[in-house]
Amino acid sequence: MRIYACIATALVLYCQGAAAIDDTPALFTLRDSEARAGSHLRRDAGAAAAVASNKRYADLGGEEKRALRAAYDSLGADDEPPFPLNGMARIQKAIREVQARSAEKGLLRMAVKVDSKGDASAVEILSSPGEKTSKFAALVLMAEKYKPALCHGAPCGMEFPYSAEFAAPN
């Protein structure tokens, strides 16, 4: 069943290639000063840090990389967080379209566990505007391929934060 869900999500994402890319910055959630055991992400400190959605990690500027790194507790100088391999645009567009049809509003915050190969293994829902949006977002985030995190210059597993605020549809 999971394979069918991943395939369906992948088809939704890849069939949207003809649409223009939305470069509205992604919103990453900054976390409090302490990470939970087993996690590098800080929790519940507020929202900030815009990153252009149409850029891959290698294409992000210094300020964007610093903003993304600020969401993590204790990243070393040669450490890098995971990031969607092809940027945030497809993820944002797919989730936004489903959310608009569901009319759920509010903050969606998730933490995606990404392994050392860049594959998502789990999604933790930290806050949700509603069940439909969070279930679909989890499928989209699980189907995505990620640039793996680097710990001391070597690929490693780490969480990737996803956050979006949804207003009521017009």
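Quick note: structure is the one above.
Report on the accompanying structure. Computed from a predicted model, the values in this text were never measured in an experiment. (Residues numbered from 1 in each chain as written. Predicted model: local features only at pLDDT ≥ 70, side-chain atom pairs only at ≥ 80, totals over all residues. Heavy atoms only, no water.)

Bringing the nonpolar core into the picture now. Note on soluble globular proteins: their nonpolar side chains tend to be buried together. Counting residues in hydrophobic clusters, the biggest one holds 31 residues, and the most contacted among them are Ile 95, Phe 160 and Tyr 162. Those elements that place two or more of their residues in this core are α3 (89-102), β4 (106-114), α4 (131-143) and β9 (158-166). Broken down by element, the residue count for this core peaks at six residues, all from α4. (Core = buried A, V, L, I, M, F, W, Y, C linked by side-chain atoms within 4.5 Å. Buried < 20%, exposed > 50% of the residue type's maximum accessible area, 1.4 Å probe, protein only. Helix = DSSP H or I, 4+ residues; strand = E, 2+ residues; numbered from the N terminus.)

An ideal rise of 1.5 Å per residue puts 20 Å on 14 residues; α3 measures up with 20 Å between its terminal C-alpha atoms. Those residues of α3 not exposed but buried are Ala 89, Ile 91, Gln 92, Ala 94, Ile 95, Val 98, Gln 99 and Ser 102. Of the residues flanking the end of α3, it is Ala 103, one or two places downstream, whose phi is positive at about 65°. (Expected span 1.5 Å × (residues − 1).)

Let's shift gears to the pairing of strand β5 (residues 120-127). The pairing of β4 with β5 spans six bridges and is antiparallel. Counterpart to Lys 113 in the pairing with β5 is Ala 122. Counting the residues between successive antiparallel strands, the hairpin from β4 to β5 contains five residues, one of them, Gly 118, with a positive phi of roughly 90°. (Pairing = 2+ DSSP bridges.)

Turning our eyes to something else, we now look at the pattern of salt bridges. Going through the model one piece at a time under the given rule, you end up with seven salt bridges. Between Lys 55 and Glu 64 there is a salt bridge, with its nearest N and O atoms 3.2 Å apart. Two residues, Glu 80 and Lys 147, come together in a salt bridge whose shortest N-O distance is 3.1 Å. Here Glu 80 is found in the loop between α2 (62-69) and β3 (83-84), whereas its partner Lys 147 is found in strand β6 (residues 146-147), with 67 residues between them in sequence. Residue classification places Glu 80 among the partly exposed positions, given a relative accessible area of 23%. (Salt bridge = Lys/Arg side-chain N within 4 Å of Asp/Glu carboxyl O.)

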